[in-house]
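# Secondary and tertiary structure notes
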Amino acid sequence: MAELAGIEGVRVLPGRGIMIAMSHRMVNTCVNRCQMPTDGDIIVPIRTVCVIGTTDQHTDDPDDHHVPPPEVDQMLDDGEKLVPGFREARALRVWTGVRPLFEDAKASGTETRDVTRAHALLDHAERDGVKGFVTITGGKLTTCRLMAEDTMTAVSRHLGDERPCTTRTEPLPGSEDGATYMLGERLERKEKRLADDQVICECELVPRWKLEEAIHRRATTNLDDIRRLLRLAMGPCQGGFCIYRAAGILHGLDGLSAEQADASLLSFLRERWKGTWPILYGDQLRQARLDDWIYHGVLDVEHLPAGQTEAAST
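Residues numbered from 1 in each chain as written. Predicted model: local features only at pLDDT ≥ 70, side-chain atom pairs only at ≥ 80, totals over all residues. Heavy atoms only, no water.

## Thoughts on the side chain of Arg231
In this structure, Arg231 sits in the loop between helix 6 (223–230) and helix 7 (243–252). For Arg231, a relative accessible area of 13% gives the class buried. Here the side chain of Arg231 touches Glu204 through a polar contact of 3.4 Å, side chain to side chain. Contact partners of Arg231, with chain neighbours within four places excluded, come to Ile46, Arg47, Val49, Glu204 and Ile226. (Helix = DSSP H or I, 4+ residues; strand = E, 2+ residues; numbered from the N terminus. Buried < 20%, exposed > 50% of the residue type's maximum accessible area, 1.4 Å probe, protein only. Polar contact = N/O pair within 3.5 Å; in protein donor to acceptor, adjacent residues only side chain to side chain. Contact = heavy atoms within 4.5 Å.)

Written as C-alpha cells, this is what we have:
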C-alpha cells in the first residue's frame, strides 16, 4: 500500500515462530533466560497449562505455517534447561504464526531476531509528506488494543476530531468483572455447587451455565469461537471429553438441528487436529489414540448425519 502511494522504506520482514503448550502448569510466574533473544527462552503459565516459546525463522511467505519436527525437539530441550523435568510433561500441541516485523530501512540481509517486536505507527504526512495516510505495522495479538488506540488517536488528529480514547478502560467480552485467575479458588467455588452446576470441561472448569450464556451472547454455533472465549477444550484433554458434551448442549438450544450440531462438532475436531500431529509420540500419542477411540469407536463421527463428506475429507 505504501508503494502505491510512492512511499519507500516501509519494509516488513516475515518471521515464522512456533510455540508449544504443555499439559501442566509447571510454573506460576514467567520464567525467562537473561540473555540475548534466542529460541526457547521463556515459559509462560496460562490457566491449567504452560507455554514455551518461541523460535524465529525468516520466511518469504506470510502464510508459511509448517512446523519442522527438529524445531519442536529443540524447543522441548530448551524447556528442560529452563525447568528441569520439563520434558516429562506431555506436549499438548504446537502452533505457528508469522510475525510482521517492521524495519524502517532499505537494507537487506537483516536477521529477523534482530528486528524490534514493537509495533510502529507511521504518520506519512510527517514522514513522507503524504497527507491522510497512516500505517500501523509490527506488534502482535497481545498488543492489538494498544495498536488500535495509537492508530485511532493519529486518525482523529488528522480529521480534526480529537477525543479521549476508551480502549484501555473498555473490558473485553467475558472479563467484565475484572477477576484474575486463581486455580485453587475457582476449583473451591465450583465444588460447592457441583450437584446443581454441571461442569462441562473439567480441565478449564467451564460450567454449563457459562457455556449456554456464551452461546446466547455470541449468537454462534461455532464451537471454535466458544473455545476462544471460554478456553473450552484447551486444557490437558484438548477436547477429548468435553466437546461432544458442548455439541449436545448446542443441539438443545435455540432449536439447532442435530445435523447442524454434528457439523459444528466435526468442524471443531478438524481445527483441533491442526497442531497436534507434529508432537504425536509418547504420552501425547496415547492421548490421541484415546480421543480416536472416543470419537470413532464410540461416537462414530465419520458417519454422523451432518454430512459424511466433511468427515471423509479428514
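## Observations regarding a nonpolar patch on the surface
Side chains of Phe241, Tyr244, Leu290, Trp293, Val298 and Leu299 sit close together on the surface and give an oily, nonpolar patch of about 530 Å² of accessible area. At three residues, helix 9 (residues 283–298) tops the list of elements feeding residues into the nonpolar patch. Tracing the sequence through the fold places Trp293 in helix 9. (Patch = residues over 30% accessible without salt bridge, like charges linked within 9 Å, V, L, I, M, F, W, Y side chains within 5 Å. Areas by Shrake-Rupley, 256 points an atom, 1.4 Å probe, with all protein chains shown as cover. Salt bridge = Lys/Arg side-chain N within 4 Å of Asp/Glu carboxyl O.)

## Section: the packing of aromatic side chains
In the structure shown here, the tally under the stated rule is one aromatic pair. Ring plane angle 75 degrees and centroid distance 6.1 Å describe the contact between Tyr244 and Tyr295, whose orientation is recorded as edge-to-face. Placement of the pair is Tyr244 in helix 7 and Tyr295 in helix 9, with a sequence separation of 51 residues. Residue Tyr295 is classed as buried on the basis of its relative accessible area of 4%. (Phe/Tyr/Trp six-rings, centres within 6.5 Å; stacked < 30°, edge-to-face > 60°.)

## Concerning helix 5 (residues 208–218)
Of all the positions in helix 5, only Leu211, Ala214 and Ile215 are classed as buried. Taken down its axis, helix 5 places every buried residue within 100 degrees of arc, on the same side. (Arc of directions from axis to C-beta.)

## Considerations on the pattern of salt bridges
Overall, the coordinates contain 21 salt bridges when judged by the stated rule. Here Arg228 makes a salt bridge to Asp224, at a shortest N to O gap of 3.1 Å. Of this pair, Arg228 and Asp224 both sit in helix 6, four residues apart, which is roughly one turn of that helix. Residue class for Asp224 comes out buried when judged on its relative accessible area of 8%. Where salt bridges share partners, they join Asp224, Asp225, Arg227 and Arg228 into one cluster.

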